[in-house]
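What follows is the residue order along each chain.
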Amino acid sequence: MSRIVVVTSGKGGVGKTTSTANLGMALARLGRKVVLVDADFGLRNLDLLLGLESRVVYTSLDVLNRECKLDQALVKDKRQPNLSLLAAPQTRNKTAITAVAMTKLVEVLSHHFHYVLVDSPAGIETGFQNAIAGAKEAIIVTTPEISAVRDADRVIGLLESHRIRDIKLIVNRLRPAMVKSNDMMSVEDVLEILSVKLLGVIPDDEQVIVSTNRGEPLVLAEKPSLAGRAYQNIAGRLEGQDIPFLDLDEANRSFLARLWKTLTAKR
Amino acid sequence: MTNAIADLLERLFGGKLESRDRVKQRLKFILAHDRVALTPQLVAQMRQDILAAIAKYVEIDEEAVEFGLESDRRSTVVIANLPIRGLRHFDPNVSQLELTLSEPEPKAETSEPIP
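The residue numbers shown here count from 1 along each chain, following its written sequence. Labels are handed out in written order, letters beginning with A for the chains and numbers beginning with 1 for the ligands. Two thresholds apply to this predicted model, a pLDDT of at least 70 for residue-level local features and 80 or more for giving and counting side-chain atom pairs, whereas whole-chain, interface and lining totals are computed over all residues. To obtain the side-chain values, all non-hydrogen atoms of the structure were used and water was disregarded.

Draft legend 1. How the structure looks around the overall build of chain B. Working definition: helices are DSSP H or I runs of at least four residues, strands are E runs of at least two. Numbering for both runs from the N terminus. Scanning chain B for helices and strands turns up four helices and four strands. Starting at the N terminus and ending at the C terminus, chain B contains elements arranged as α-α-α-β-β-β-β-α. Per-residue accessibility, obtained with a 1.4 Å probe over protein chains only, is compared with the maximum for each type, and a residue is labelled buried under 20%, exposed over 50%, and partly exposed between these values. Within chain B, the proportion of its 115 residues that are buried is 29%. Pairs of residues are marked as contacts when any of their non-hydrogen atoms sit within 4.5 Å. Of the contacts formed within chain B by residues at least 6 apart in sequence, a portion of 45% connects residues at least 24 apart. For the accessible areas, the method is Shrake-Rupley and the probe is 1.4 Å, while residue cover comes only from the protein chains on display. Surface accessibility of chain B: about 7700 Å² in total, with carbon and sulfur atoms responsible for 55%.

Draft legend 2. A look at the layout of surface pockets. All names here are of chain A. Think of a 1 Å grid over the protein atoms and nothing else: a 1.4 Å probe that fits but is trapped marks a cavity, an open set flanked by protein within 12 Å on at least five of seven lines marks a pocket, and residues with an atom within 4 Å of a point count as lining. Grid points are joined across faces, edges and corners, and a volume is the space filled by probe spheres set on the points. The calculated volume of the second largest pocket comes to roughly 340 Å³. Among the elements of the structure, α1 (16-29), β7 (166-174), β8 (197-203), α10 (207-214) and α11 (226-238) are those that each provide at least two residues to the lining of the second largest pocket. With three residues, the single largest contributor to the lining of the second largest pocket is α1. When its residues are assigned to classes, the lining of the second largest pocket shows nine nonpolar, eight polar and seven charged. Note on residue classes: Ala, Val, Leu, Ile, Met, Phe, Trp, Tyr, Cys and Pro are nonpolar, Asp, Glu, Lys and Arg are charged, and everything else, Gly too, is polar.

Draft legend 3. Fine view of the packing of helix α9 (residues 187-194) of chain A against helix α2 (residues 19-36) of chain B. Following both chains from N to C, one finds α9(A) and α2(B) inclined at 15 degrees, their axes separated by 10 Å at the closest point. In terms of axis orientation, α9(A) runs roughly parallel to α2(B). As α9(A) runs across α2(B), the sense of the crossing is right-handed. Across the interface between the two elements, A:Asp189, A:Glu192, A:Ile193 and A:Leu194 from α9(A) touch B:Arg20, B:Lys24, B:Leu27, B:Lys28, B:Leu31 and B:Arg35 from α2(B). Taken together, the residues of the contact of α9(A) with α2(B) break down into four nonpolar, no polar and six charged. Inter-axis angles, ranging from 0 to 180 degrees, are taken between N-to-C directions of lines fitted to C-alpha atoms, where helices are fitted over the stretch in contact. Roughly parallel covers angles under 35 degrees, roughly antiparallel covers those over 145, roughly perpendicular covers 65 to 115, and oblique covers all other angles. If you view the pair so one helix is near and one far, a crossing is left-handed when the near helix is turned anticlockwise from the far one by less than a right angle, and right-handed when it is turned clockwise.

Draft legend 4. Highlighting the environment of B:Ala55. Residue and element names in this part refer to chain B. Checked against the element boundaries, alanine 55 lands in helix α3 (residues 40-55). For alanine 55, a relative accessible area of 24% gives the class partly exposed. Sequence separation between alanine 55 and leucine 87 is 32 residues; the distance between their C-alpha atoms is 9.4 Å.

Draft legend 5. The packing of helix α7 (residues 146-161) of chain A against α9(A), seen in detail. Residues and elements named next belong to chain A. Where α7 meets α9, the closest approach of the two axes is 10 Å, and the angle between their N-to-C directions is 35 degrees. Crossing hand, α7 versus α9: right-handed. Across the interface between the two elements, Val149, Ala152, Asp153 and Ile156 from α7 touch Val190, Ile193 and Leu194 from α9. Among the residues forming the contact of α7 with α9, the class breakdown is six nonpolar, no polar and one charged.

Draft legend 6. The interface of chain A and chain B, seen in detail. With 19 residues of chain A in contact, the opposing surface of chain B contributes 15 residues. Summed over both partners, the interface of chain A with chain B buries about 1700 Å², with 51% contributed by carbon and sulfur atoms. Within this document, salt bridges are pairs made up of a side-chain nitrogen of Lys or Arg and a carboxyl oxygen of Asp or Glu, the two lying within 4 Å of each other. Scanning the region where chain A abuts chain B turns up six salt bridges. For B:Asp34, the salt bridge goes to A:Arg150, with nearest N and O atoms at 2.7 Å. Pairing of N or O atoms within 3.5 Å defines a polar contact, subject to two protein rules: one partner must be a possible hydrogen donor and the other a possible acceptor, and residues neighboring in sequence count only if both atoms are side-chain atoms. On the surface where chain A and chain B come into contact, there are ten residue pairs in polar contact (both at pLDDT 80 or more). Buried area is a sum: the accessible area each of two parts loses on coming together, probed at 1.4 Å, counted once for each and added.

Shown next as structure tokens:
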């Protein structure tokens, strides 16, 4: 049984693409066949976060225009053969595709993969409508900030009106110390406001930038950072495993964890 | 509305309200409006209509009126706080006790025009 999951947020820059790349890689490492679909037409980035940009030849638009075959457009990850990418066109504008075509595309992909993860563009316009068109479930990414949560709420409403009822939440970029000093909403605060199921919490982590620079998702690291471990846990939860949420606060404050962080960061 | 609550809390407990509590209040307020999808004009109109309905019975301190929508756990309520300045008409059927509960100055009956 394959799953078509859209990763979306409303607001831009909250970590949709980072989450898609890491979850895709983590699921592939768990032995699932995964295809990542970049639905951000005209502003593609998913290939960069995966370090696959130099290997993109064809895009989803070429497939839909019958200028290439589907498997020609799929970029297979050399590090992790279970993972494939279908890149978005970078040159054409966002209206070059319809929701019907997108639905068909993800449906065909779902016959060949366990997971089809669709990376949605920001906003709630055509690009977003196309991204959610074929999805059966959704992962909302938000940060504990007022504008991100507001936009997430809006997107949840839109998903529900599109009959996508399996909606789970990732709270990204949490800063436990700020929550402790009452200067940031806690995960519980965000859940109370949005009333959706929590899939995972990702702490704010500088390693995200480093991993983006390298084109290597966090979960590929030999000793993944806290954020990388959080993504691995989310992948496990998607697979139905009962994995407790990381105690981010303790991890940040414990002396040994700090020491370990300092030692590993120096390299 | 939310600002008024925040101000009240600040006055009660002294010092500034934590930014975390403030952001939660602001979010609940904006989401309430987002979720019912009422335009600001419609909310203003509803406010006017409700005030007009209440004003038939009592005189409202319009300056101090607090009116808005608030949201919690995906349900939304209209919250109105309408301080009564005085009685519009003297009506023996209307309990004065009830009025004095919400009235800041319960001396209103002295200026009652008898119908």
